[in-house]
Amino acid sequence: MTEWKTIPFKSKSRIKREQKRHLEDLEQVEKEVVLHGIPTLKNGVPDKKSDEARVKKILRELRPGGFVVKNGDVEGSKRQIRNTRNIEKQPITITLRTAELADQVRAAAYEVGILNTRMEKPDDLAKDRIGWLRRSLTQKERKKIRARAEFENSEQGKSLREIQRREDEQTTDQEEWSGMNLETDDGEEDMDMGDPDPEK
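Residues numbered from 1 in each chain as written. Predicted model: local features only at pLDDT ≥ 70, side-chain atom pairs only at ≥ 80, totals over all residues. Heavy atoms only, no water.

Draft legend 1. Representation of a positive patch on the surface. Taken together, the side chains of Arg17, Arg21, Arg85, Lys143 and Arg146 present a region of like positive charge at the surface. Contributions of two or more residues to the positive patch are made by α1 (12–29) and α4 (139–152). Along the polypeptide, arginine 17 turns up in helix α1. On the basis of relative accessibility, which here comes to 47%, the residue arginine 17 falls in the partly exposed class. (Patch = residues over 30% accessible without salt bridge, like charges linked within 9 Å, V, L, I, M, F, W, Y side chains within 5 Å. Areas by Shrake-Rupley, 256 points an atom, 1.4 Å probe, with all protein chains shown as cover. Salt bridge = Lys/Arg side-chain N within 4 Å of Asp/Glu carboxyl O. Lys, Arg positive; Asp, Glu negative; His and termini not counted. Charge placed at Lys NZ, Arg CZ, Asp CG, Glu CD. Helix = DSSP H or I, 4+ residues; strand = E, 2+ residues; numbered from the N terminus. Buried < 20%, exposed > 50% of the residue type's maximum accessible area, 1.4 Å probe, protein only.)

As structure tokens, then:
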């Protein structure tokens, strides 16, 4: 018997409410950047002051990239305690005063090599420079990432990865074919290619 998947009905009013929440969320997210790579615990315990110091340090690191942080530029910072993807280094959300300031922070982070990842420098360890910045995500984007992670960890996701792995192993691409000699006999006809009809 075929099992049909039930698609929940959404009324027009519910769709409007969800769209309104999304726009409000987007307005907030545009003012945020997220600091990654900072240990959640200091000496085994959460430390709000340590997080604040890391936020100050990363923002001051943006000066060579053209962003000079001023008093009042930051409206808040919050450790993402509910983020369970990396318990040991839960991200810190930094809220700027305006979306324009957040754009400037991201642009400066790109210039100094700490946007999305950290381009390591020889003196990073000596100067205790760690962490990198990324843009903040909307609730819709977070839900999509969560759903994808759940699928990848499911039996269906594992089966799909195995199929993709086998397809990759049995695929000969253009680069490989371009290096093959198709015009002259190099003895490959004598290779044992197996019985074409194993039933015989």
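Structure's up, so let's keep going.
Draft legend 2. Focus on the sheet that holds strand β4 (residues 74–79). Spatially, 4 strands are ordered β4-β5-β1-β6 in an open sheet, and the strand pairing comes out antiparallel. Pairing within the sheet leaves two strands with one partner each, and these edge strands are β4 and β6 (132–135). Pairs of neighbouring strands in the sheet enclose a mean axial angle of 25°, with direction left out of account. Summarising the sheet, strand β1 (residues 32–36) and β6 pair through 4 bridges and their orientation is antiparallel. Directly across from histidine 36, in β6, lies its bridge partner tryptophan 132. Packed on one face of the sheet, helix α2 (residues 48–60) meets β1, β4, β5 (92–96) and β6 and runs near 60° to β5. Across the sheet, helix α3 (residues 99–112) touches β1, β5 and β6, and the angle it forms with β1 is around 40°. (Pairing = 2+ DSSP bridges. Axes fitted to C-alpha atoms, helices over the stretch in contact; angles between N-to-C directions. Contact = heavy atoms within 4.5 Å.)

Draft legend 3. Spatial organisation of the pattern of salt bridges. Under the criterion given, the structure shown has 13 salt bridges. Across the pair aspartate 73 and arginine 97 runs a salt bridge, and its minimum N-O distance is 3.3 Å. Highlighted residues: aspartate 73 in the loop between α2 and β4 and arginine 97 in the loop between β5 and α3, separated in sequence by 24 residues. The class of aspartate 73 is buried, set by a relative accessible area of 5%. Among the charged side chains, a salt-bridge network with shared partners connects Glu61, Arg118, Asp123, Asp124, Lys127 and Arg129.

Draft legend 4. Geometry of the pairing of β1. Judged by how many residues are buried, β1 sits mostly within the fold: 5 of 5 residues are covered. Neither face of β1 is open: one carries Glu32, Val34 and His36, the other Val33 and Leu35, and all of them are buried. Here 4 bridges tie β1 to β5, and the two strands are oriented antiparallel to one another. The residue of β5 that forms the bridge with glutamate 32 is threonine 95.

Draft legend 5. Structural view of the confidence of the model for the protein chain. Of the residues in the protein chain, 84% reach a pLDDT of 70 or more, and the chain-wide mean stands at 85. At the low end of the mean pLDDT range in the protein chain sits α1, at 71; at the high end sits α3, at 97. (pLDDT = per-residue confidence, 0-100.)

Draft legend 6. Seen up close, α2. With 13 residues, α2 ought to run about 18 Å at 1.5 Å a step, and its terminal C-alpha atoms sit 19 Å apart, in line with that. For α2, every residue scored as buried is listed here: Ser50, Asp51, Arg54, Val55, Ile58 and Leu59. Packing partners of the buried residues in α2 comprise β1, β2 (41–42), β4, β5, α3 and β6. The opening residue of α2 is aspartate 47, an N-cap whose side-chain oxygen sits 3.1 Å from the backbone nitrogen of lysine 49. (Expected span 1.5 Å × (residues − 1). Polar contact = N/O pair within 3.5 Å; in protein donor to acceptor, adjacent residues only side chain to side chain.)

Draft legend 7. A nonpolar patch on the surface, seen in detail. Taken together, the side chains of Trp177, Met180 and Leu182 present a nonpolar region at the surface, about 340 Å² in accessible area. Looking at where leucine 182 falls in the secondary structure, it is placed in the segment after α6 (174–178).

Draft legend 8. Spotlight on the nonpolar core. The biggest cluster of nonpolar side chains holds 19 residues, and the ones touching the most others in it are Leu35, Leu62, Ile94, Val105 and Leu133. Broken down by secondary-structure element, the contributors of at least two residues to this core are β1, α2, β5 and α3. At 6 residues, the largest contribution of residues to this core is made by α3. Beyond its immediate chain neighbours, meaning those up to four positions away, valine 105 contacts Val33, Leu59, Leu62, Phe67, Leu96 and Leu133. (Core = buried A, V, L, I, M, F, W, Y, C linked by side-chain atoms within 4.5 Å.)

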